[in-house]
Amino acid sequence: MNKPHDLSLSLIDDEDHNTSNNPSFQSVLTARLSRRNVLRGSLGTAVTGMLSAVSLSACGGGDDPAPAPAPAPAPAPAPAAKPLEKLNFAAVAKSLEDKVVVPAGYTATVLFALGDPITAAATAYKNDGSDGDFESRAGDHHDGMEYYGLSADGKADLKASDRGLLVINHEATSHAGTERASAFVHLTGGTNTLPRPAAEVDREVPLHGLSVVEVKKTGTAFGYVKDSAFNRRITPLTPVLLSGVAAGSGLMKTKYAIDGKTARGTLNNCGTGTTPWGTTLTGEENWSGYFTRGAADDAARANDKSVTSLKRYGRNQGAASRHGWETGGADDKYARWDISKKGASADGSDDYRNELNTFGYLVEIDAYNKAAAIKKRTSLGRFAHESAAFSKLVEGKPLAVYMGDDSRGEYIYKWVSEAAWAAADATAADRIATGDKYLDKGKLFVAKFNADGSGEWVELSINNAAIKAATNYSFADQADVVVNARLAADAVGATKMDRPEWCAAHPTTGEVYFTLTNNSNRTAATVDAANPRFYEDTKGTATKQSGNVNGHIIRVAEVNGEAAAATFKWDVYLFGSEAGADKSLVNLSSLTDDQDMSSPDGLWFSRATGVCWIQTDDGAYTDKTNCMMLAGIPGKVGDGEKKTLSYAGGKTVDTYVGKAPTADTLKRFLVGPVDCELTGCAETPDGKALFVNIQHPGETISSANAADASKYLSQWPSNAGYGAGKRPRSATIVITKNDGGVIGS
Ligand code: FEO
Ligand code: CA
Ligand code: CA
Ligand code: CA
């Protein structure tokens, strides 16, 4: 969700806790606008036929023999990209309709929605708040997603396009502002007062986590396989292992795991990445807000350094939890949501004071193998993770993983493996052991963007003099550095960015693109070369929004293309903007009506075509259009020009703007239904099916209105003919070209 535009969430907002004096710091909070206070669009209910392709296959077949989920043979490498030089579809117009709009000649079909059953025994989703058992159903708020091919006989085959597994993040659940209940999954909207009934908590917790679900093509239509033996849910209660430098650290000791080596579940899974060896990395993003901390907890902790850490990660004492799950009962599974120091132990082994340290990682999952361990890769740092993008692989050289921390004024990170890449590892049978090799030992870096278009990676090491000398936090060891990566990055003077969301690596150039979604805190006083815009924008008739309202996409080229390079060049691929905005300060990429967008978030490159898919999670331009997805064919760093932006008082800032897109190289491809965001993108290796997630259509709902369809902002996907009930549902859709061709061609 895009909280900076959302004042109503301020009590649980875990963004913007960067009070360091690094570049771009400013202490004046700009007014935040509540998108929930502005009604957008209408409840268009017409079914246009665009999604009438919803068919029986979308409900999954029950007659396929279930494949064995045993460890499968190693996958084959995916085919090399054949880059498109021109986008061959007609751009779709901005839209406020409650439907999915795709270009002429394309069909979007609902595939897998909130509540859909994933076991033979689970019943069809009634979608009236009476369904429970979400361990056996799709979770909520579908987000990042990856596809892994299966051969006809159910073996791992990364080249397979007719059958595969989708790994889908379920980030969060729809609830209004400070209301606690997930409105749409309870009969009458649920209980917002404390204590929360245990039965409601037990229903809401497994709405989070991930789904692994088999999808299969029958004729030309994709459906999911309801009773596939590969299907499973991973939730905030699933046992996981801590791996890497912080595993076993005293910082990780909890009542659940006194050895600090295991943890319970994964939470607020946002972006994803796929590893070269065929596993998924899922990013834990806004996990902090799910935990409560007692009003006198600073003193209970004797104001030790854990208090500094908790504040930096968004948990001041007295912080309320998002859903009040800690009040579900005496059982440990509820108690763990209260991270106050309660026990008498010195090390935290008798309470959950350290529980927050077990969240905030990239978590590795092997979709093919239910028996494989799920591992939190702690060495890559703890923050609000989005996606993970890998460098181009070079035999005998280390690999890099790029990452963003999504909060206002947070940083961009890079991991460089100690191990040199061995191509044979792409087909290793034990994929999680391969993850151990590349993701547990190595170096973590943070980015500094310089005014001259260069940049540097600063190592976050316990041996770094600036980290050793930090005065606000005394780092004990490398485990402390990675668990408190934000504090370490503060100490080395990393560049504060305009909310780093997803990153993705260009399949041929290897350059890495990062969406910087927006930043309501950016001011004229704090603009810098890499975050150069501050401006005001009107939404509707009355509301003014300011800062970097529409976001931008920055890209990085490592010197000599080396994953382990210490320095890089950067420029801005695109600045989000309204087409009509001032081209000297706002619409710096000269976007047209077919290209204009706001708050780029999801970002993903097709391996089949090289197309850069850009997805928006916006609250700024939503008076004119719902969130959308665009296709781009980018050039490379340095293909544009330097531009000088002028601010009041004579201040100027130089920035580097990539070559302006043309009508052939950037086009709007899709607009989603009302009150949704577009996120998550995956394709079949042949490039002929594109999977996309529609997250939280109509999320703006008070629980009091949960049973009143006339109050819903969206009724998608039921208004597109999918499923029972009218409550809106997050869902995966699959997009195909009617002529059976490659998407975008
Ligand atoms: Fe879950 Fe920052 O998006
Ligand atoms: Ca977002
Ligand atoms: Ca506007
Ligand atoms: Ca996102």
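Just so it is clear, the model here is predicted, and its values are computed rather than measured.

**Student:** Mind showing me how you'd approach the overall build of the protein chain here?
**Tutor:** Scanning the protein chain from N- to C-terminus turns up eight helices and 32 strands. Within the protein chain, the fraction of its 745 residues that count as buried is 65%. Accessible surface for the protein chain amounts to roughly 23,100 Å². Of this, 54% is attributable to carbon and sulfur atoms.

**Student:** Can you walk me through the sheet that holds strand β8 (residues 262-264) in this structure?
**Tutor:** The six strands lie next to each other as β8-β7-β12-β11-β10-β9, forming an open sheet whose pairing is mixed. Sheet topology places β8 and β9 (269-274) at the edges, where each strand pairs with a single neighbour. Ignoring which end each strand starts from, the neighbouring axes of this sheet average 35° apart. One ladder, built from three bridges, connects strand β7 (residues 239-243) with strand β12 (residues 375-377); its direction is parallel. When the sheet's bridge partners are listed, Leu242 is paired in β12 with Lys376. Here helix α5 (residues 431-439) sits on the sheet in contact with β7, β10 (280-284), β11 (362-365) and β12, set at roughly 15° to β12.

**Student:** Would you explain unusual backbone geometry in this entry?
**Tutor:** Excluding glycine, most residues fall at negative phi; most peptide bonds, likewise, are trans. In this structure, Pro195 follows Leu194 across a cis peptide bond, with omega equal to 0°. Looking at where Pro195 falls in the secondary structure, it is placed in the loop between β3 (163-170) and α1 (198-204). Following Trp716, the chain continues to Pro717 via a peptide bond in cis, the omega torsion being 5°. With respect to the helices and strands, Pro717 occurs in the loop between β31 (689-695) and β32 (731-737). You will see that Asn560, though not glycine, has its phi angle at about 60°, which is positive.

**Student:** What should I look at first to understand the coordination of the calcium ion (ligand 2) in this one?
**Tutor:** Note on metal geometry: ideal angles are 109.5 degrees for four donors arranged tetrahedrally and 90 or 180 degrees for six donors arranged octahedrally. Coordination sphere of the calcium ion (ligand 2), protein contribution only: Glu501 (OE), Asp601 (OD) and Asp617 (OD), at 2.3 to 2.4 Å. Written as a sequence motif, the donor residues of the calcium ion (ligand 2) are E-x99-D-x15-D. If you look at the calcium ion (ligand 2) and the calcium ion (ligand 4), they sit 3.9 Å from each other and are both ligated by Glu501. Of this pair, Glu501 sits in strand β18 (residues 500-505) while Asp601 sits in strand β24 (residues 600-605), placing them 100 residues apart in sequence. The pair formed by Glu501 and Asp601 is uniform in burial state, with each residue classed as buried.

**Student:** I would appreciate a short explanation of the coordination of the calcium ion (ligand 3) in the present structure.
**Tutor:** The coordination sphere of the calcium ion (ligand 3), as far as protein atoms go, consists of Asp537 (OD), Asp537 (OD), Thr538 (O) and Glu578 (OE), spread over 2.2 to 2.8 Å. The sequence pattern describing where the donors of the calcium ion (ligand 3) fall on their chain is D-T-x39-E. Of the residues examined, Asp537 reaches a relative accessible area of 12% and is grouped as buried. According to the relative accessible area criterion, Thr538 is partly exposed, its value standing at 41%.

**Student:** Sorry if this is basic, but what is going on with the pattern of salt bridges here?
**Tutor:** Proximity of charged atoms lets side chains of opposite charge pair with each other. This model, assessed by the stated rule, comprises 48 salt bridges. Across the salt bridge formed by Asp131 and Lys126, the nearest N and O atoms sit 3.8 Å from each other. The class of Asp131 is buried, set by a relative accessible area of 3%. With a shortest N-O distance of 2.9 Å, Lys414 and Glu558 are connected by a salt bridge. Here Glu558 lies in strand β22 (residues 552-558) and Lys414 lies in strand β15 (residues 412-420), a separation of 144 residues in the sequence. On the accessibility criterion, Glu558 (11% relative accessible area) is buried. Here the salt bridges share partners, and the residues they tie into one network are Arg293, Asp297, Asp298, Arg301 and Lys311.

**Student:** Any chance you could explain the pairing of β9 here in plain terms?
**Tutor:** Both faces of the sheet carry side chains from a regular strand, because those side chains alternate between them. In terms of burial, β9 is largely enclosed, as six of its six residues are buried. Sheet topology note: the β9/β10 ladder contains four bridges and is antiparallel. Looking at β10, one finds that Thr274 is bridged to Thr280. Taken together, β9 and the strand that follows it, β10, pair antiparallel across an intervening segment of five residues, in which Gly278 is found at a positive phi of about 90°.

**Student:** I tried to follow the side chain of Asp405 on my own but got confused; where do I start?
**Tutor:** Among the secondary structure elements, Asp405 is positioned in strand β14 (residues 398-405). What makes Asp405 buried here is its relative accessible area of 0%. Reaching out from Asp405, the side chain makes a polar contact with the side chain of Arg486 at a distance of 2.8 Å.

**Student:** What is the right way to look at the sheet that holds strand β25 (residues 612-616) in this model?
**Tutor:** The pairing of strands in a sheet happens through backbone hydrogen bonds and is either parallel or antiparallel. With antiparallel pairing, the four strands of this open sheet are ordered in space as β24-β25-β26-β29. The open sheet has two edge strands, β24 and β29 (666-671), and neither has a second partner. On average, each strand axis in the sheet is inclined to that of its neighbour by 25°, with strand direction left out of account. In this sheet, β25 lies alongside β24 in antiparallel orientation, the contact comprising four bridges. Pairing of Pro600 across the sheet is with Thr616, part of β25.

**Student:** Would you explain α5 in this entry?
**Tutor:** Helical geometry: 3.6 residues make up each α-helical turn, so side chains three or four residues apart lie on a common side. Those residues of α5 lying buried are Arg431, Ile432, Thr434, Gly435, Tyr438 and Leu439. Relative to the axis of α5, the buried residues are bounded by an arc of 150° and lie together on one face. Tucked inside the fold, the buried residues of α5 contact β10, β11, β12, β14 and β15. Two to three positions downstream of the cap, the backbone nitrogen of Ile432 sits 3.4 Å from a side-chain oxygen, assigning the N-cap of α5 to Asp430.

**Student:** Please explain helix α3 (residues 305-312) as it appears in this structure.
**Tutor:** All buried positions along α3 are accounted for by Ser306, Val307, Ser309, Leu310 and Arg312. Lining the buried residues of α3 we find α2 (297-300) and α8 (485-491). Gly314 occupies a position one or two residues after α3 and carries a positive phi of about 90°.

**Student:** Help me understand the nonpolar core in this model?
**Tutor:** For soluble globular proteins, the rule of thumb is that nonpolar side chains tend to be buried together. Membership of the largest hydrophobic core comes to 74 residues, with the highest contact counts inside it found for Val401, Met403, Tyr413, Val446, Leu460 and Phe475. Counting 47 residues, the second largest nonpolar core, distinct from the first, contains Val215, Trp604, Ile633 and Val692.

**Student:** Would you explain the packing of aromatic side chains in this entry?
**Tutor:** Pairs of aromatic rings are described using the distance from one ring centre to the other and the angle between the two planes. This structure, assessed with the given rule, holds 30 aromatic pairs. Ring geometry for Phe222 versus Phe691: centroids 5.4 Å apart, planes at 80°, classification edge-to-face. Remark: Phe691 occurs in strand β31 and Phe222 occurs in strand β5 (residues 221-224); sequence separation between them is 469 residues. Of the residues examined, Phe222 reaches a relative accessible area of 5% and is grouped as buried. Chaining the aromatic ring pairs together yields one cluster made of Tyr402, Phe449, Trp457, Phe514, Phe568, Trp570 and Tyr656. One residue, Lys414, lies across the ring of Phe445, its end atom 5.8 Å from the ring centre. Geometry around Phe89 places Lys667 over its ring, the cationic atom sitting 5.3 Å from the centre.

**Student:** Please clarify how the environment of Leu194 should be interpreted in this entry.
**Tutor:** Summarising the element assignment, Leu194 is placed in the loop between β3 and α1. Its relative accessible area of 42% is what places Leu194 among the partly exposed residues. Between the alpha carbons of Leu194 and Arg180 there is a distance of 9.0 Å; along the sequence they are 14 residues apart. Among residues more than four places away in sequence, those in contact with Leu194 are Arg180, Gly324 and Thr327.

About the thresholds
Residues numbered from 1 in each chain as written. Chains lettered and ligands numbered in written order. Predicted model: local features only at pLDDT ≥ 70, side-chain atom pairs only at ≥ 80, totals over all residues. Heavy atoms only, no water. Helix = DSSP H or I, 4+ residues; strand = E, 2+ residues; numbered from the N terminus. Buried < 20%, exposed > 50% of the residue type's maximum accessible area, 1.4 Å probe, protein only. Areas by Shrake-Rupley, 256 points an atom, 1.4 Å probe, with all protein chains shown as cover. Pairing = 2+ DSSP bridges. Axes fitted to C-alpha atoms, helices over the stretch in contact; angles between N-to-C directions. Contact = heavy atoms within 4.5 Å. Donors = N, O, S within 2.8 Å, 3.2 Å for Na, K, Ca; no water. Salt bridge = Lys/Arg side-chain N within 4 Å of Asp/Glu carboxyl O. Polar contact = N/O pair within 3.5 Å; in protein donor to acceptor, adjacent residues only side chain to side chain. Arc of directions from axis to C-beta. Core = buried A, V, L, I, M, F, W, Y, C linked by side-chain atoms within 4.5 Å. Phe/Tyr/Trp six-rings, centres within 6.5 Å; stacked < 30°, edge-to-face > 60°. Lys NZ or Arg CZ within 6 Å of the ring centre and 35° of its normal.

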